[in-house]
Every structure is written in structure tokens, then in C-alpha cells.
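# Architecture at a glance
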Amino acid sequence: MLIENCPIINVNVKVWLFWAYLRKPKWYSYLLGCIPVTVLNVFQFMNLFHVIMSGTGDMNKIIIDAYFTVLYFNLVLRTSFLMGNRRKFEVFLEGIADEYAVLENQNDIRPLMDRLTRRARILSKSNLWLGAFISACFVTYPLFSPDNGLPYGVYVPGVDVHASPIYEIVFLLQIYLTFPACCMYIPFTSFYCTCTLFGLIRIAALKRFLEGIHEYNTSRQMLFARIKECLQYHNKIIKYVSDLNELVTYIFLLELLSFGMMLCALLFLLSISNQLAQMVMIGSYIFMILSQMYALYWHSNEVREQSMEIGDSLYYNSAWLDFEGTVKKKIILMIARSQRPLAIKVGNVYPMTLEMFQSLLNASYSYFTLLRRVYN
């Protein structure tokens, strides 16, 4: 099965193929997408440095400019990592497509596959629509702002970007670049979430295999072969989660550091803002951060919890105590391995769980209260 035809991942894959981030490079796609977005991010960093060093910007402007600069840097980094590891992503996605085709023929797992596939597709499409809506808010907010600024603060040496007609040209360019920027950021999050959902399907399939293993107890050879297949499938799941962790762990480390800091700054800005339009926009920025981060950590937590239930499914539902000694030893090995949960880690250090997400929120709020107290 081709990756663009695999239902659980094809929404995000088609976006990446359209912009030529997978398979054969297309330079005209890069010239229309990631290259100008990267140039925009360079000018954003220059603007942030200029505003801070010159002291010409107030607190509101610095925080908003920093938010967009960090956001665009993150999406440029995601895309650069994707393109630099193009073949790794392709092999990983091809493995998902092949395994999905195999599991489609398993009638006992098919209802769960259909349900999680629908969830994955709804999640991917809703993320794209949410990203499009928030991006539209980004570029229309300056129209209602009293300072008539640009959607994203930029600084070009020797060019006054606020003078007509340069202002209008830059404004239109930023409106256009918001679309490829959204396509560079959102599909990576949706890719991870859909991959974890497919991991849940594979874990559920293994649990079904283990629950029905007593049916093979009529023949020692068949039972031993079935146990061996389950062990091999468990190892494939372990490798699958390990490969997924390798593809995302350091990107998520950067997000943990950058968006935790920006969440604190945006909460502070929200607390001192006295303009309704600005408060609504800041609220949308905070919502975008929280929704994306929560999606990542919730799905990671689900994989961790479900992987720990593999041993429970085998221990309580397979009547393994009636098996002979050599089979029991293999089952005990699988039960012992399942006690070490499968986890996606941030920077290969901390597992991504809901407890860690809560700790991130607590830390951001603590720094927010400290910043607010110092400001007062």
C-alpha cells in the first residue's frame, strides 16, 4: 500500500507530498514555500534583536514579536528536520502502510482500526482547519490594531517596511506566507498523533492475539509457534515506538523549552492588556499552544498506559498456567518486558505523559506569577 493511500496517515502525507517534503525534491515548491518562510523568520529574528537593542518597542510588542519568531523558528526547524531525514520518514511511513494493510484483514481488530482511523483523520483535518483559522486571525489582527503594524514584525536593513508602498507589499507577502507556514507546522503534530494511534492499534492487536492463545493449547508445536509470533510482534511494536521516538524526541525538547517560556510570557501579557481585541488574540495564541501540546502529551500517555496492559492481558486472560514449562518461560519474559512501558521521551530523557504536561503548566504559571509580582 502506498503511503498516500493509507487512511490513517494520508491526510498529513498528502500535505507533505504537495510541498515536496517527501520523495523527490521539487525546487519550485521550495521557492514557493519553505525558503521564503525561512527568510521571513530571519527577518523576524533581526527585528526582535533590533527592537530590544534600540529600546523602541514596548512590552506588548516584544512579547508578540517573540511569540511569532519562536513559532516560525519551530516550524522551520520541523521542516528542515523532515527534509534532512526524508528517507527515515519515508521508511517509517511505508512500514505503517504495510502493517495497516495486514491488520485490515484481521476481523477481530477491524472495528477498533476503523474507529481509531476515523479519529486520526478527524484530528488531522481539524488541526489543519484550526491552524487555518488561527492563521487568519494572525494576519487580520493588525487591521483592527491602532498601531497599523504588520502581522509579523520584521526588520530589513536599509528598508522602511512601514512606508508605503513597501508596507502593503510586505503585508500581502506575509498573508501569503502564512499558508505554507501553517502547512509546515500543523502536519508534523498530526503526523505524531496519528502514528501513536496506529501504535495503539498494534498494541490492541497483540492483546487480542494473547487473549486467544489458549486456543492453540491442543498442539504443543502450534502453541510454541504462536507464542513465538507474539514475541516477535511485541518486539516489532517496541521497535516501532523507538523509531517514532527517534524522529520526534529532540523537536519536542525544543517545544518544551520554547513554548513553556512563551506560555508564561503570553499569560503575563494577557494580565496587563486593556484592549479587547488584543486580549482575544492573546487568548487564541494561548489556546493554540495548549491544544497542540495537550494533543502530543495525551497520545504519548495513551501509548505508555496501553503498553503496560500487554502483560495484564496475557497474565489474566490466556490461562497460561496450564501450559508446559518452556512456554511458561517465554510468557514470563513477555510479562516482565511489558512492565517497562513504551514511552516517547523529550530529548530522550523524560517520558511524555500527562503528569509531565501538568508539570509544564505548573512551571509556566509559577514563572508567570513571579513575573507579575516583579512587574507590579
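Quick note: structure is the one above.
Read on for a plain summary of the structure. (Residues numbered from 1 in each chain as written. Predicted model: local features only at pLDDT ≥ 70, side-chain atom pairs only at ≥ 80, totals over all residues. Heavy atoms only, no water.)

### Regarding the side chain of Thr196
- Looking at the secondary structure, you find Thr196 in helix α7 (residues 166–211).
- Judged by relative accessible area, which is 2%, Thr196 ranks as buried. (Helix = DSSP H or I, 4+ residues; strand = E, 2+ residues; numbered from the N terminus. Buried < 20%, exposed > 50% of the residue type's maximum accessible area, 1.4 Å probe, protein only.)

### Here's the deal with the packing of aromatic side chains
- Under the criterion given, the structure shown has 24 aromatic pairs.
- Considering the side-chain rings of Trp19 and Phe179, the 5.9 Å spacing of their centres and the 55° angle between planes classify their relative orientation as tilted. Remark: Phe179 occurs in helix α7 and Trp19 occurs in the loop between α1 (10–18) and α2 (27–32); sequence separation between them is 160 residues.
- Assessed through its relative accessible area of 6%, Trp19 is described here as buried.
- Their ring planes at 20° and their centres at 4.9 Å tell us that Tyr67 and Tyr285 sit as a pair that is stacked. Of the two residues, Tyr67 sits in helix α4 (residues 59–84) while Tyr285 sits in helix α9 (residues 276–317), which places them 218 residues apart along the sequence. Note on accessibility: Tyr67 and Tyr285 belong to one class, buried.
- By way of ring pairs, the aromatic residues Trp16, Phe81, Phe89, Phe92, Tyr100, Phe188, Phe191, Phe198 and Tyr240 are connected into one cluster.
- We note Arg78 situated over the ring of Tyr185; from NZ or CZ to the ring centre the distance is 4.1 Å. (Phe/Tyr/Trp six-rings, centres within 6.5 Å; stacked < 30°, edge-to-face > 60°. Lys NZ or Arg CZ within 6 Å of the ring centre and 35° of its normal.)

### Quick word on unusual backbone geometry
- Of note, the bond from Ser164 into Pro165 is cis; its omega dihedral lies within 30 degrees of zero at 5°.
- Turning to its location among the elements, Pro165 is positioned in the loop between α6 (110–144) and α7.

### Examining the nonpolar core
- Residues Tyr67, Ile96, Phe138 and Phe191 are the most contacted members of the largest nonpolar core, which totals 121 residues.
- Element by element, the count of residues in this core is highest for α7, at 25 residues.
- The contacts of Tyr67, once residues within four sequence positions are left out, are Phe138, Met262, Leu266, Tyr285, Met288 and Ile289. (Core = buried A, V, L, I, M, F, W, Y, C linked by side-chain atoms within 4.5 Å. Contact = heavy atoms within 4.5 Å.)

### A look at helix α11 (residues 354–375)
- Along its 22 residues, α11 runs 31 Å from first to last C-alpha, staying within 8% of the 32 Å computed at 1.5 Å per residue.
- Within α11 the residues assigned to the buried category are Met356, Phe357, Leu360, Ser364 and Phe368. Buried residues in α11, looked at end-on, bunch into an arc of 120°, giving them a common side. For α11, the exposed residues set more than 90 degrees away from the buried face come down to Glu355, Tyr365 and Arg373. (Expected span 1.5 Å × (residues − 1). Arc of directions from axis to C-beta.)

### Regarding the packing of α4 against α7
- One way to put it is that α4 packs onto α7 with a least axis distance of 9 Å and a crossing angle of 65°. The hand of the α4/α7 crossing is left-handed. Residues Leu71, Tyr72, Asn74, Leu75, Val76, Arg78 and Thr79 of α4 lie in contact with α7, whose contacting residues are Leu177, Thr178, Ala181, Met184, Tyr185, Phe188 and Thr189. (Axes fitted to C-alpha atoms, helices over the stretch in contact; angles between N-to-C directions. Left-handed = near helix turned anticlockwise from the far one by under 90°.)

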